[in-house]
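The lines below spell out each chain.
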Amino acid sequence: MEVTREDLLHIAKLANLTIKEEEIDKYLLNLKDILNFANIVNKAPVEGLKETIGSNTNYNVFRKDEIVEFEDKELLLQNAPEQEQNMFKIPKVI
């Protein structure tokens, strides 16, 4: 598939991206590589293959939630940008 400069600029506009003039050639090459790879994947022979959904038998293993006292709280808190009452102080998240 051939991608033109106009195609690239149209896609960038749709994605609300600003592309500098000197970056256009690099982006064109990257986009062509991506589309060529997608074309290769689309042409992969899949006749006779069985559908495999959920073939992985792994499952989540959760550890017990336990409170553990840290030996050296000062060492731990030295990485805190802010602290209050021997705890990390973080911005309020709403």
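Look up a bit, the structure's there.
A short tour of the structure in this document, coming up.

Calculation notes
- Residues numbered from 1 in each chain as written.
- Predicted model: local features only at pLDDT ≥ 70, side-chain atom pairs only at ≥ 80, totals over all residues.
- Heavy atoms only, no water.
- Core = buried A, V, L, I, M, F, W, Y, C linked by side-chain atoms within 4.5 Å.
- Buried < 20%, exposed > 50% of the residue type's maximum accessible area, 1.4 Å probe, protein only.
- Helix = DSSP H or I, 4+ residues; strand = E, 2+ residues; numbered from the N terminus.
- Contact = heavy atoms within 4.5 Å.
- Patch = residues over 30% accessible without salt bridge, like charges linked within 9 Å, V, L, I, M, F, W, Y side chains within 5 Å.
- Areas by Shrake-Rupley, 256 points an atom, 1.4 Å probe, with all protein chains shown as cover.
- Salt bridge = Lys/Arg side-chain N within 4 Å of Asp/Glu carboxyl O.
- Axes fitted to C-alpha atoms, helices over the stretch in contact; angles between N-to-C directions.
- Parallel < 35°, antiparallel > 145°, perpendicular 65-115°, else oblique.

Brief notes about the nonpolar core
Counting residues in each nonpolar core, the largest one holds seven residues, listed as Val 3, Leu 8, Ala 12, Ile 19, Ile 24, Leu 28 and Leu 31. Residue assignment for this core shows that the elements contributing at least two residues are helix H1 (5–14) and helix H2 (24–42). If we skip the residues at most four places from it in the chain, Ile 24 touches Arg 5, Leu 8, Leu 9 and Ile 19.

Some details on a nonpolar patch on the surface
Together, Phe 70, Leu 75, Leu 76, Phe 88 and Ile 90 make up an exposed nonpolar region whose accessible area comes to about 500 Å². Among the secondary structure elements, Phe 88 is positioned in strand E2 (residues 87–88). On the accessibility criterion, Phe 88 (44% relative accessible area) is partly exposed.

Things to note about the packing of H1 against H2
Running from amino to carboxyl end, H1 crosses H2 at an angle of 90 degrees, the nearest separation of the two axes being 10 Å. Considering the angle they form, H1 stands roughly perpendicular to H2. When H1 is examined against H2, the residues Arg 5, Leu 8, Leu 9 and Ile 11 are found in contact with a partner set consisting of Ile 24, Tyr 27, Leu 28 and Leu 31.

Digging into the pattern of salt bridges
Per the stated rule, a full pass over the model turns up four salt bridges. The residue Lys 32 makes a salt bridge to Glu 2 at a minimum N-O spacing of 3.3 Å. Placement of Lys 32 in helix H2 and of Glu 2 in the segment before H1 is noted, with a sequence separation of 30 residues between them. Since its relative accessible area comes to 59%, Glu 2 is described here as exposed. Note that Arg 5 and Glu 21 form a salt bridge whose closest N and O atoms lie 2.7 Å from each other. Linking Arg 5 in helix H1 with Glu 21 in the loop between H1 and H2, this pair joins segments that are 16 residues apart in sequence. The partly exposed category is assigned to Arg 5, whose relative accessible area is 33%.

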